[in-house]
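Structural description and commentary
Single-letter residue listing:
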Amino acid sequence: MNAPNQSGWRPAMGSAETLDSPTASGDRALMLEEPLIFELGRAGTCGVDIDEAELGTSDALAPFLRKAAPALPGLSEPETVRHYTRLSRQNYAIDLGPFPLGSCTMKHNPRLNEKVARLPGFADVHPLAPQQAVRGALETIAQLADWLMALTGMAAVAMSPKAGAHGELCGVLCIKAALQARGDDRRIMLVPESAHGTNPATAAFAGFAIENIPATPEGRVDFAALTARLGPDIAGVMITNPNTCGLFERDMKAIADAVHAAGGYVYCDGANFNAIVGKVRPGDLGIDAMHINLHKTFSTPHGGGGPGSGPVVLSAALAPFAPLPFVTRDTDGAARLIEEEHALEDHPSSFGRMAAFHGQMGMFTRALTYILSHGADGLRQVAEDAVLNANYVLRSLEDVLDAPFAASGPCMHEALFSDAGLAEGFSTLDIAKGLIDEGFHPMTVYFPLVVHGAMLVEPTETESKAGLDRFIASLRSLAERARAGDESLKSAPHFAPRRRLDETLAARKPVLGWRD
Ligand SMILES: Cc1ncc(COP(=O)(O)O)c(C=O)c1O
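What you see is a predicted model; the values in this text were computed from it and never measured. (Residues numbered from 1 in each chain as written. Predicted model: local features only at pLDDT ≥ 70, side-chain atom pairs only at ≥ 80, totals over all residues. Heavy atoms only, no water.)

Once that is clear, we can look at the domain arrangement of the chain. Domain parsing of the chain yields domain 1 (111-367) and domain 2 (381-508). Using C-alpha coordinates to define each centre, domain 1 is positioned 31 Å away from domain 2. Regarding the contact of domain 1 and domain 2, the summed buried area is about 1500 Å², with carbon and sulfur atoms giving 62% of it. Sorting the residues of domain 1 by area buried against domain 2 places Thr244, Cys245 and Asn274 first, and these three jointly supply 32% of that buried surface. At the junction of domain 1 with domain 2, the criterion picks out one salt bridge. In this structure, Lys279 and Glu384 form a salt bridge, with 2.6 Å as the shortest nitrogen-oxygen distance. For the pair domain 1 and domain 2, the interface holds six residue pairs in polar contact (both at pLDDT 80 or more). (Domains from an automatic or database assignment. Buried area = accessible area lost by both parts, 1.4 Å probe. Salt bridge = Lys/Arg side-chain N within 4 Å of Asp/Glu carboxyl O. Polar contact = N/O pair within 3.5 Å; in protein donor to acceptor, adjacent residues only side chain to side chain.)

The following block contains the structure:
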């Protein structure tokens, strides 16, 4: 345990295990330790001068008067600015290095997108502005919608969902509304083992019961098991394609035909659309609804939990049930926002609203900028390069890391490895923690669940070959150490601000607030 330093807080980096001569401050060169803001603050200090208030209090408000001063940290303005700046420096970000999280598609966010999104006509637009005042913004939404429909070969698109999982809910609610409209009380949603975890959660949230469909030994949906389960109680199927094993579901069209023949609908989780954009149109595969994570395929930033954007493309069968509001084009081509049910004759059956307003304007402008700056050919190359990079990682490491589906052929946009072949007592977690010491954000670990000790690496198309070679060299060295039983790997990370955390305790007994 480290001794508290002069200012009273405990330096993690100055631990005797990692430093021969700990510094007096607890900092290490320009890597600054940072306590909680409450530990930094001093009672009686304030960043601004506030005059004593001389307000009378009405009797009605008297019960609400504070009995004690609020427990705010007392810091000057520069101390506050430094606190948050130091914290931001401890963050790892896509602008610092590769972020090989499989299933997350952490790719470079082009600066051109940012420039366009900051144009005042876009940045200052207000969702309650009258339509005549925001024609350009509506045209932008309509153009993005046109592109999404063209790229997917689908009849309609709901732009308002705010993220992938929100889009899933939108698609599944469309399916529910379509079933209700024909008086069909189907309650079961089939979800293959290789689907993303949000799929069964979404279906359950929408009121469906979930049944699992197993994966084949080669990592794809078991077509025979799926078709055997189809029947009058099956509302539909939710399939992630490309799936979470990084493989394309080759039977997708046959699955869709079988589900339709049995009266169900097909939801496709399109979070991995970046692997097939410009190459395959999901509409041609018989899909009824699919969300697109703009923050993945179309390079808008992953905003620390928001603001995301998850438009949902819909087949002609589900289009009438799309949520309000939505943008449509009048006969003269002008974009118009439809805010109320029955405003359009051919759209009498919307299931309702997913959100108060039309969607995430900042993400729409960034995504459309990305699409227009690439064009259809450029987008196809995005998919090809993403797949090429993933296969480069797969083939470069399969001699030191078990690649369970390598024999199934090339992977799509992500390379999947397992912990098979590591020395007794060594795990995927050791490799992930070792990557932190190597200066890389770890890959996705222990997902997908169908593979033991899974390591899912998604390099994306925005990493250069030189960058990939550095990453591969680090991962190779860690795999070799784990195979050889190098005990030092078990206590990695050694050089990060924090050592290995007790993840079970953190998950079971999280301490989310500061207590004096
Ligand atoms: C395959 C897949 N589906 C759905 C989601 C959920 O998307 P979001 O995080 O935007 O809600 C993700 C997110 O990682 C995903 O990878």
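Now for the site of the ligand. Around the ligand there are 14 residues in total, and Ser103, Gly164, Ala165, Asp269 and Lys296 lie nearest to it. One of the backbone N or O atoms of Gly164 is found 2.7 Å from an oxygen atom in the ligand. Asp269 places a side-chain nitrogen or oxygen 2.5 Å from a nitrogen atom of the ligand. Coverage of the ligand by the protein chains reaches 84% of its 390 Å² of free accessible surface. Partitioned by chemical class, the residues of the shell around the ligand number three nonpolar, eight polar and three charged. (Near = heavy atom within 4 Å. Areas by Shrake-Rupley, 256 points an atom, 1.4 Å probe, with all protein chains shown as cover. Nonpolar A, V, L, I, M, F, W, Y, C, P; charged D, E, K, R; others polar.)

Attention now moves to the packing of helix H11 (residues 361-397) against helix H13 (residues 465-484). H13 packs onto H11 with a crossing angle of 35° between their chain directions and a minimal axis gap of 10 Å. Crossing angle aside, the handedness with which H11 passes H13 is right-handed. Between H11 and H13, the contacting residues are Asn389, Tyr392, Val393, Ser396 and Leu397 on the first element and Lys465, Leu468, Asp469, Ile472, Leu475 and Arg476 on the second. Of the residues in the contact of H11 with H13, the class split is six nonpolar, two polar and three charged. (Axes fitted to C-alpha atoms, helices over the stretch in contact; angles between N-to-C directions. Helix = DSSP H or I, 4+ residues; strand = E, 2+ residues; numbered from the N terminus. Left-handed = near helix turned anticlockwise from the far one by under 90°. Contact = heavy atoms within 4.5 Å.)

With seven of its seven residues buried, strand E4 (residues 234-240) lies for the most part within the structure. Pairing geometry for strand E2 (residues 188-192) and E4, over three bridges, is parallel. Residue pairing for E4: Met189 is matched across the bridge by Gly236. In this structure, E4 lies alongside strand E5 (residues 265-269), joined through five bridges in parallel fashion. (Buried < 20%, exposed > 50% of the residue type's maximum accessible area, 1.4 Å probe, protein only. Pairing = 2+ DSSP bridges.)

The next point concerns the sheet that holds strand E3 (residues 209-213). Spatial ordering of the open sheet is given by E1-E7-E6-E5-E4-E2-E3, a layout of seven strands whose pairing is mixed. In this open sheet, the two strands that pair with only one neighbour each are strand E1 (156-158) and E3. Between one strand and the next, the sheet's axes are offset by a mean angle of 25°, whatever the strand orientation. Contacts from helix H6 (residues 164-181) reach E1, E2, E4, E5, strand E6 (289-291) and strand E7 (312-314) within the one sheet, and its direction differs from that of E5 by about 175°.

On to the packing of aromatic side chains. One pass over the structure, following the stated rule, counts four aromatic pairs. Here Phe298 and Tyr370 contribute two aromatic rings whose centre-to-centre distance is 6.4 Å and whose plane-to-plane angle is 70°, an arrangement assigned as edge-to-face. One end of the pair, Phe298, is in the loop between helix H10 (294-297) and E7; the other, Tyr370, is in helix H11, and 72 residues separate them in sequence. The same class applies to Phe298 and to Tyr370, which are both buried. Centre to centre, the rings of Phe440 and Phe471 are 5.2 Å apart; their planes meet at 80°, and the pair counts as edge-to-face. Of this pair, Phe440 sits in the loop between helix H12 (428-437) and strand E11 (444-445) while Phe471 sits in helix H13; the two residues are 31 residues apart in sequence, bridging distant segments of the chain. Accessibility classification places Phe440 together with Phe471 in one group, the buried group. The aromatic ring of Phe426 is capped on one face by Lys490, whose charged end is 4.7 Å from the ring centroid. (Phe/Tyr/Trp six-rings, centres within 6.5 Å; stacked < 30°, edge-to-face > 60°. Lys NZ or Arg CZ within 6 Å of the ring centre and 35° of its normal.)

Under the defined criterion, the tally for this structure stands at 28 salt bridges. Among the ionic pairs, Asp399 bridges to Arg476, the shortest N-O distance being 2.7 Å. Remark: Arg476 occurs in helix H13 and Asp399 occurs in the loop between H11 and strand E10 (415-417); sequence separation between them is 77 residues. Among the salt bridges present, the one from Arg476 reaches Glu480, with a minimum N-O distance of 3.6 Å. In this pair, Arg476 and Glu480 are both assigned in helix H13, four residues apart and thus about one turn of the helix distant. Overlapping salt bridges bring together Glu114, Arg118 and Arg366 as one network.

Mapped onto the elements of the fold, Asp269 is located in strand E5. Buried charged residue Asp269 carries no salt bridge. Nearest counter-charge: Lys296, at 6.7 Å. Here the side chain of Asp269 touches Ala271 through a polar contact of 2.9 Å, landing on its backbone nitrogen. Setting aside its immediate chain neighbours within four residues, Asp269 contacts Glu168, His196, Thr198, Asn199, Ile239, Thr240, Asn241, Met290 and His291. (Lys, Arg positive; Asp, Glu negative; His and termini not counted.)

Attention now goes to the sheet that holds E10. Within the open sheet, the three strands sit side by side as E10-E12-E11. Their pairing is antiparallel. Sheet topology places E10 and E11 at the edges, where each strand pairs with a single neighbour. Where E11 lies against strand E12 (residues 455-457), two bridges are found, and the strand directions are antiparallel. Across the sheet, the residue bridging to Val445 is Met455, located in E12.

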